[in-house]
Amino acid sequence: MTYLHDIPLDEAIAAWHGALLEIGALRRLSSESLPVAEANGRITAAPVWARISVPHYHAAAMDGYAVRATETVGATLTRPLRLELGTQAAYVDTGDPIPAQFDAVIPIEEAQRLETEPGPVIEILAAVTPWNHVRTMGEDIVATELVVPANHRLRPQDLGAIAGSGHSEVQVYRRPRIAILPTGTELVAPGSDLKPGDIIEFNSIILSAMAQDWNACANRLPMLADDYEAIKKTVIAALEDHDLVVVNAGSSAGSEDYTARIIAELGEVQVHGIAIRPGHPVVLGHARGKPVVGIPGYPVSAMITFELLVKPLLQQWMGQEPQAWPTVQATITRKVLSPMGQDEYMRVTLGRVENAAGDARIVATPLSRGAGVIMSMVRADGIAHIPRFSEGLNAGDPVTVELLRPPGVIDQTIVHLGSHDLTLDLLADQLRRLHPNRSFSSGNVGSLSGLLALRRGEAHLAGSHLLDAETGEYNLSYIRRYLSDEPVVVLGFVGRTQGLITPPGNPKALAGLADLVRSDIVYVNRQRGAGTRVLLDYHLQNLGIDPAGIQGYDRVEFTHLAVAAAVASGAADCGLGILAAARALHLDFIPLFEEQYQLIIPRRFYESDLLAPLLEIIRSEGFRQAVSALGGYDVGHMGEILASID
């Protein structure tokens, strides 16, 4: 079966909901009565009316003496007035009923009790008005008043008001029951011993957690191999006692993608394929009177489509209007091409950065756009929507971003754009541990792109290791060329050993760059503008090696770890990178060059409160030791100001 449709998202939802409406599967869920104390976060299925007033009597608002306000008239500092306890005044604690003959309370600190003949009195120095310091009956809630309406998400304060107004239970919509069925012959449970081709099944963990956040009861079914009859049998059983069945993976058009066929056999398919990225191969339908959804197997696709398609259905069932995430306007930091005809949901990191003129703006840095890169969702501060006919964005374009984190986090985020190094992850972890209100966002764009980002006012600092072939210096000539109008501080960070990363045992006996032109060697490179790429090209030129003779020279990765992963997977025989990346994946390493990786920081940020905790960590002995333990690093100049350029 091929895709039945490739239609816009709103049309897909409308077609599916229309079909569900016809079979009665879009109506609101039944209600249940819950103890008020257990109803936090639930949705009211009926309005709650106050059974009693709150307070239901006139109550003292303070410790003191209940009095008749008219009998306090005339009391002054120079002419104190005395009231007899018992007939003209009575002691009350906060919350006590006010005796019927009284209508005000004098705080205890504003009255003096005196023992006199014929009995005790209080002496007051000022008159009070009627109902002074008295909570009158119904001050908070009046009996029969609406406490909360139907279709309202209950909060802690709502529970208090409901209980206080005389209710011990509240009517709420029952939670939708969702069955999540992971499918795929390649799937194994977390913690399994892995062999090539195995994929750890974690999508069902993600989807069930999302469903629980939306007030649903999620049931993770045992994973199944790609067996048509077994999947169909499980779907039929799940439809018996669930409101919605979600089949994860098998929604595309491959030979073992059975979801659409099973839904069609048991019911009807409304949509197969939506014009969104990621998440194109979605199946929407119904079977045996209930909705069934086929969600793509890639984790980011699964999350995006679950949010866009399942969440609105659950909200409909519980009387809720679709609730959009809060948004901010941001500036995109680099050019992004997007396919025509598809709405793209792009993960981005965010930070507020001032440009040289002092104007602060929020900058959005795109993360990996791969549908299978779950870490792009972990690192994302928000989702930028690229409309289906826009073809993408140019660097500097405005973009609307739906926030995945509280807005205040943006202002406390330090934005790094530049060359990748493993120590930056260590730095981010130490910053969050020691300063929980700070975040460190790192975009791996390469050294040169990092300097250009500083020039455009899109980052607070850039990691760089650009070698000047003429002088042998690192970064200085590039700073003078690209940041001539920006005073900067060049901060020492780490010396690094660069070399060839090879499989364990160096099976092809590589010795140096001269081996890269061998016909049996496949290389993996870094992107243009990366310091490692500049270093490679510099030494290739010195050796008289033509890059055109290197297999894989044009295949690029954006981090040292990605280069190491390509070697570990067998996709390449070697790549130039740092020792720490080779060690991380248990690969061999042939050391070739020593280089300097420095942090380039505009002086206005270097002197700011925002970066102060980061600089303190960089200069700490504990951080030095942690970096040294990674291997392949020289921390002798870490934290030193190597140059200050005006």
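Residues numbered from 1 in each chain as written. Predicted model: local features only at pLDDT ≥ 70, side-chain atom pairs only at ≥ 80, totals over all residues. Heavy atoms only, no water.

**Q** Break down the packing of aromatic side chains for me, citing the residues and quoting the values.
**A** Counting across every chain of the model gives five aromatic pairs. Taking 5.4 Å as the distance between ring centres and 25 degrees as the angle between the ring planes, the aromatic pair formed by Trp214 and Phe306 counts as stacked. A residue pair is termed long-range when its members are at least 10 positions apart, and Trp214 in the loop between helix 3 (203-213) and strand 16 (217-220) and Phe306 in helix 6 (residues 299-317) qualify at 92 residues. When its relative accessible area of 11% is taken as the criterion, Trp214 is described as buried. According to the relative accessible area criterion, Phe306 is buried, its value standing at 0%. Within the aromatic cluster, the residues linked to one another by ring pairs are Phe493, Tyr597 and Phe623. Residue placement shows Arg481 over the ring face of Tyr478; its charged tip is 5.2 Å from the ring centre. (Phe/Tyr/Trp six-rings, centres within 6.5 Å; stacked < 30°, edge-to-face > 60°. Helix = DSSP H or I, 4+ residues; strand = E, 2+ residues; numbered from the N terminus. Buried < 20%, exposed > 50% of the residue type's maximum accessible area, 1.4 Å probe, protein only. Lys NZ or Arg CZ within 6 Å of the ring centre and 35° of its normal.)

**Q** Break down the pairing of strand 22 (residues 327-332) for me, with residues and values.
**A** When strand 22 meets strand 28 (residues 398-403), the two strands line up antiparallel, connected through five bridges. Residue pairing across strands places Gln329 opposite Thr400, the latter belonging to strand 28. (Pairing = 2+ DSSP bridges.)

**Q** I'd love a proper account of a negative patch on the surface, names of residues and values included.
**A** Taken together, the side chains of Asp63, Asp93, Glu109 and Glu110 make up a negatively charged region of the molecular surface. Secondary-structure assignment places Glu109 in the loop between strand 7 (104-107) and strand 8 (111-115). (Patch = residues over 30% accessible without salt bridge, like charges linked within 9 Å, V, L, I, M, F, W, Y side chains within 5 Å. Areas by Shrake-Rupley, 256 points an atom, 1.4 Å probe, with all protein chains shown as cover. Salt bridge = Lys/Arg side-chain N within 4 Å of Asp/Glu carboxyl O. Lys, Arg positive; Asp, Glu negative; His and termini not counted. Charge placed at Lys NZ, Arg CZ, Asp CG, Glu CD.)

**Q** An account of the nonpolar core is needed here, citing residue identities and associated values.
**A** Proteins that are soluble and globular tend to have nonpolar side chains buried together. Ranked by size, the top nonpolar core spans 61 residues in total, and within it Phe493, Ile601 and Ile618 carry the most contacts. Per element, the largest residue contribution to this core is seven residues, and it comes from strand 32 (residues 488-502). Once residues within four sequence positions are removed from consideration, Phe493 is found in contact with Thr423, Leu424, Leu427, Tyr597, Gln598, Leu599, Ile618, Phe623, Asp634, Val635, His637 and Met638. Judged by nonpolar contacts, the second largest core, of 42 residues, contains Leu29, Ala216, Leu244 and Phe306. (Core = buried A, V, L, I, M, F, W, Y, C linked by side-chain atoms within 4.5 Å. Contact = heavy atoms within 4.5 Å.)

**Q** Explain the sheet that holds strand 8 to me, using residue names and the numbers behind them.
**A** Across the sheet, three strands lie side by side as 5-9-8; this open sheet has antiparallel pairing. The open sheet is flanked by strand 5 (81-84) and strand 8, the only strands paired with a single partner. If you compare each strand with its neighbour and ignore which way they point, the axes differ by 30 degrees on average. Here four bridges tie strand 5 to strand 9 (residues 120-124), and the two strands are oriented antiparallel to one another. (Axes fitted to C-alpha atoms, helices over the stretch in contact; angles between N-to-C directions.)

**Q** Just give me the short version of helix 13 (residues 560-569), but keep the residues and values in it.
**A** Regarding helix 13, the residues found buried are His560, Val563, Ala564, Ala566 and Val567. In a view along the axis of helix 13, the buried residues occupy a sector of 155 degrees, so they form one face of it. (Arc of directions from axis to C-beta.)

**Q** Outline the pattern of salt bridges, listing residues and values.
**A** Inspection of the entire model under this criterion finds 25 salt bridges. Its salt-bridge partner being Glu344, residue Arg369 comes within 2.8 Å of it at the nearest N-O pair. Pair noted here: Arg369 is in the loop between strand 25 (360-366) and helix 7 (375-379) and Glu344 is in strand 24 (residues 343-354), with a separation of 25 residues, a long-range link. Arg369 sits in the partly exposed class, given a relative accessible area of 24%. Glu344 sits in the buried class, given a relative accessible area of 2%. Residues Arg352 and Asp411 are paired through a salt bridge, measuring 2.4 Å at the closest nitrogen-oxygen approach. Placement of the pair is Arg352 in strand 24 and Asp411 in helix 8 (residues 407-411), with a sequence separation of 59 residues. Judged by its relative accessible area of 35%, Arg352 falls in the partly exposed class. Residue Asp411 is classed as partly exposed on the basis of its relative accessible area, which comes to 37%. Within this structure, Glu229, Lys232 and Glu265 form a network of salt bridges that share partners.

**Q** Give me the lowdown on the environment of Ala356, citing residues and values where you can.
**A** One can find Ala356 in the loop between strand 24 and strand 25. Separated by 100 residues in the primary sequence, Ala356 and Arg456 place their C-alpha atoms 8.6 Å from one another. With residues near it in sequence (within four places) discarded, Ala356 still touches Glu486 and Arg604.

**Q** Any chance you could break down the sheet that holds strand 6 (residues 89-92) for me, citing the residues and the numbers?
**A** With antiparallel pairing, three strands are arranged side by side in an open sheet as 6-4-7. Every other strand in the sheet has two partners, leaving strand 6 and strand 7 as the edge strands with one partner each. Within this sheet the neighbouring strands show an average axis-to-axis angle of 35 degrees, counted without direction. With four bridges joining them, strand 4 (residues 64-67) and strand 7 adopt antiparallel strand pairing. Paired with Tyr65 across the bridge in strand 7 is Ile106.

**Q** Describe in detail the packing of helix 9 (residues 422-434) against helix 17 (residues 621-630), supporting the description with residues and values.
**A** Contact geometry for helix 9 and helix 17: axes closest at 11 Å, N-to-C directions at 145 degrees. Of the two elements, helix 9 crosses helix 17, and the hand of that crossing is right-handed. Listed contacts from helix 17 to Thr423, Leu426, Leu427 and Gln430 of helix 9 are Phe623, Ala626, Val627 and Leu630. Taken together, the residues that form the contact of helix 9 with helix 17 break down as six nonpolar, two polar and no charged. (Left-handed = near helix turned anticlockwise from the far one by under 90°. Nonpolar A, V, L, I, M, F, W, Y, C, P; charged D, E, K, R; others polar.)

**Q** Summarise the side chain of Asn475; cite the residues concerned and give the values.
**A** By the element assignment, Asn475 lies in the loop between strand 31 (462-464) and helix 11 (476-482). For Asn475, the side chain forms a polar contact with the side chain of Ser464, separated by 2.5 Å. Polar contacts involving the side chain of Asn475 include one to the main-chain amide nitrogen of His465, which spans 3.5 Å. Once residues lying within four places of it in the same chain are set aside, the contact partners of Asn475 are Ser464, His465, Leu466, Gln598 and Ile600. (Polar contact = N/O pair within 3.5 Å; in protein donor to acceptor, adjacent residues only side chain to side chain.)

**Q** Can you lay out the environment of Pro406 for me, pointing to particular residues and giving the numbers?
**A** Looking at the secondary structure, you find Pro406 in the loop between strand 28 and helix 8. Remark: the alpha-carbon pair of Pro406 and Gln625, spanning 219 residues in sequence, is separated by 34 Å.

**Q** Before we move on, could you go through the pairing of strand 21 (residues 290-295) and cite the residues and values that matter?
**A** Extensive coverage of strand 21 is indicated by the burial of five of its six residues. In this structure, strand 17 (residues 244-248) lies alongside strand 21, joined through four bridges in parallel fashion. In the strand pairing of strand 21, Val245 is matched with Val292. Where strand 20 (residues 283-287) and strand 21 come together, five bridges link them in antiparallel fashion. Across the sheet, residue His286 finds its bridge partner in strand 21, namely Pro291. Where strand 20 folds back onto strand 21 in an antiparallel hairpin, the turn is made up of two residues, including Arg288, whose phi is positive at roughly 55 degrees.

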